[in-house]
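Report on the structure
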Amino acid sequence: MPPLVPDMLTVRHIGLFAGLLALAGCGSADPAVETPDTLQRELADTNVAGGDPAVAAALQAPLMSDPTLSQSANADTIRPPSQPDPDSVPADDPAPAATAADPAVASAPSPAACPDCAAVRRALTPVALAATQGPAIAACAARMRYSADWANRLPAGIALYPAAHVAEAAGTDEGGCRLRVARFISSAPVARLVDWYHATAGNGGWSPTHRADGDLHAVTGQRRGAVFTAYVTPRAGGGSDVALIASGG
C-alpha cells in the first residue's frame, strides 16, 4: 500500500480555492444602505447606551433637512419688515395754536433765485456746508468741532424747529469765530418749515429773505452783523431735512 502523502499540487489547489471562497464571502454580503434616518438611529442608540439623555433627545429629534420641516427652521429669527416703518420719523408737535391765520407762522413770500444752493447740495458735512458761505465763514469752518451741544447754542431768536431730531451739529468760538451748524430731521413739510423760519426771523428782527433752487429752499436772515440760513429739502418718505447755519452775533 502506498504511503499516505498528499499530492502537493492538490494541496495548493485546495488552499487557493479556500482563499477565493474567503474573498468571495467578504464581497458577497450586500451591505445595508445607510440613510440620514439610519445614521441618526445609530447615533441615538449609541448615545442612549452612553447615558446622556440630553444629547440623546436632540439626536432623536427630526432632522431639519427634512423638506416638510423647512418652515419650522429658525422660527425665532428676526426678519425684516414687509414695508417701511411709518414711525421711522416720529411725528412732531408744532408750536401751540399754529395756524395759517397766526401771524407767527404767516406764509413766506415767493422765493427768489438761490445761486449758492447748487454748492449747498454738494455739501455732505457741516464743515463743507460752512465752506460754501463765503471766505470769512470758510476760514472758521476748519476750527469747528462736532458735538450735539452746538445745536443748543444757536443765536437768540433762531432755534431748532419744535420737536426736531438732530442728526449732527458742529461749531466753534475759537480765533474770533462764532459759527454753528446743525442738521436735523422734521416730519413737517418743507412749506411749513419755510414759513416758520421766515416768520420767526421776522419777529426777531432778522430781516429774512426766501430763496429757492428747485426743491431746495433757503431762508436767510441778518441782524447786527450776524447771519443765519436754514436750508430745507423734502425728505424721502415724508418730512424734511434741514441744515441750519449761523455765524457772528
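Treat the numbers as computed from the prediction; the structure is a model and nothing was measured. (Residues numbered from 1 in each chain as written. Predicted model: local features only at pLDDT ≥ 70, side-chain atom pairs only at ≥ 80, totals over all residues. Heavy atoms only, no water.)

**Describing the packing of aromatic side chains**
Within this structure, the stated rule accounts for 3 aromatic pairs. On the numbers, 5.1 Å between centres and 80° between planes, the contact of tyrosine 161 with tryptophan 196 is edge-to-face. In this pair, tyrosine 161 is assigned in the loop between strand S2 (145-146) and strand S3 (165-172) and tryptophan 196 in helix H7 (residues 190-203), connecting sequence segments 35 residues apart. Grouping residues by exposure puts tyrosine 161 and tryptophan 196 together as buried. (Phe/Tyr/Trp six-rings, centres within 6.5 Å; stacked < 30°, edge-to-face > 60°. Helix = DSSP H or I, 4+ residues; strand = E, 2+ residues; numbered from the N terminus. Buried < 20%, exposed > 50% of the residue type's maximum accessible area, 1.4 Å probe, protein only.)

**Some remarks on the pattern of salt bridges**
Applying the stated criterion to the full structure yields 9 salt bridges. Of the charged contacts in the structure, one is a salt bridge between aspartate 215 and arginine 121, with a shortest N-O distance of 3.2 Å. Taken together, the residues span a long stretch of sequence, with aspartate 215 in the loop between strand S5 (209-213) and strand S6 (216-223) and arginine 121 in helix H4 (residues 117-122) at a distance of 94 residues. For arginine 178, the salt bridge identified is with aspartate 173, shortest N-O distance 3.7 Å. Within this structure, Asp149, Arg153, Asp173, Arg178 and Arg180 form a network of salt bridges that share partners. (Salt bridge = Lys/Arg side-chain N within 4 Å of Asp/Glu carboxyl O.)

**Re the sheet that holds S5**
Here 8 strands make up an open sheet; going across it, the order is S1-S5-S6-S7-S8-S4-S3-S2 and the pairing mixed. Strands at the two margins of the open sheet, each flanked by one partner only, are strand S1 (112-113) and S2. Where S1 and S5 come together, 2 bridges link them in parallel fashion. Paired with alanine 113 across the two strands is alanine 212, which belongs to S5. Most of the contacts of H7 go to strand S7 (residues 226-234), to which it runs at about 165°, and overall it touches strand S4 (179-186), S5, S6, S7 and strand S8 (240-247). (Pairing = 2+ DSSP bridges. Contact = heavy atoms within 4.5 Å. Axes fitted to C-alpha atoms, helices over the stretch in contact; angles between N-to-C directions.)

**Remarks on the environment of alanine 136**
Tracing the backbone through its elements, the reader meets alanine 136 in helix H6 (residues 135-141). Using a relative accessible area of 61% as the deciding quantity, one classes alanine 136 as exposed. On a C-alpha basis, the gap between alanine 136 and cysteine 177 in space is 9.2 Å, while along the polypeptide they are 41 residues apart.

**Description of the nonpolar core**
Grouped together as the largest cluster of nonpolar side chains are 23 residues, with contacts concentrated most on Tyr161, Phe184, Leu193, Tyr197, Phe228 and Leu244. Sorting the residues of this core by element identifies H7, S7 and S8 as the ones contributing at least two each. Tallying contributions element by element places H7 first for this core, with 6 residues. When residues no more than four places from it in sequence are discounted, the contact partners of tyrosine 197 are Ala159, Leu160, Tyr161, Phe184, Val219, Phe228, Ala230 and Leu244. In this structure, Cys117, Cys140, Tyr231 and Ala243 belong to the second largest nonpolar core, which totals 19 residues. (Core = buried A, V, L, I, M, F, W, Y, C linked by side-chain atoms within 4.5 Å.)

**Remarks on unusual backbone geometry**
Although it is not a glycine, serine 207 sits at a positive phi angle of roughly 50°. Examined against the element boundaries, serine 207 turns out to sit in the loop between H7 and S5. Even without being a glycine, arginine 224 presents a positive backbone phi close to 50°. On the basis of relative accessibility, which here comes to 75%, the residue arginine 224 falls in the exposed class.

**Concerning the side chain of histidine 198**
With respect to the helices and strands, histidine 198 occurs in helix H7. Apart from residues no more than four positions distant in its own chain, histidine 198 is found in contact with Ala108, Pro109, Pro208, Thr209, His210 and Val219.

**Examining the confidence of the model for the chain**
Per-chain confidence: the chain averages 77 in pLDDT, with 60% of residues scoring 70 or above. The secondary structure element of the chain with the lowest average pLDDT is helix H1 (residues 8-28), at 53, and the one with the highest is S5, at 97. Low pLDDT, under 50, characterises residues 86-103; the predicted model gives this stretch 24 contacts beyond four residues in sequence or across chains. (pLDDT = per-residue confidence, 0-100.)

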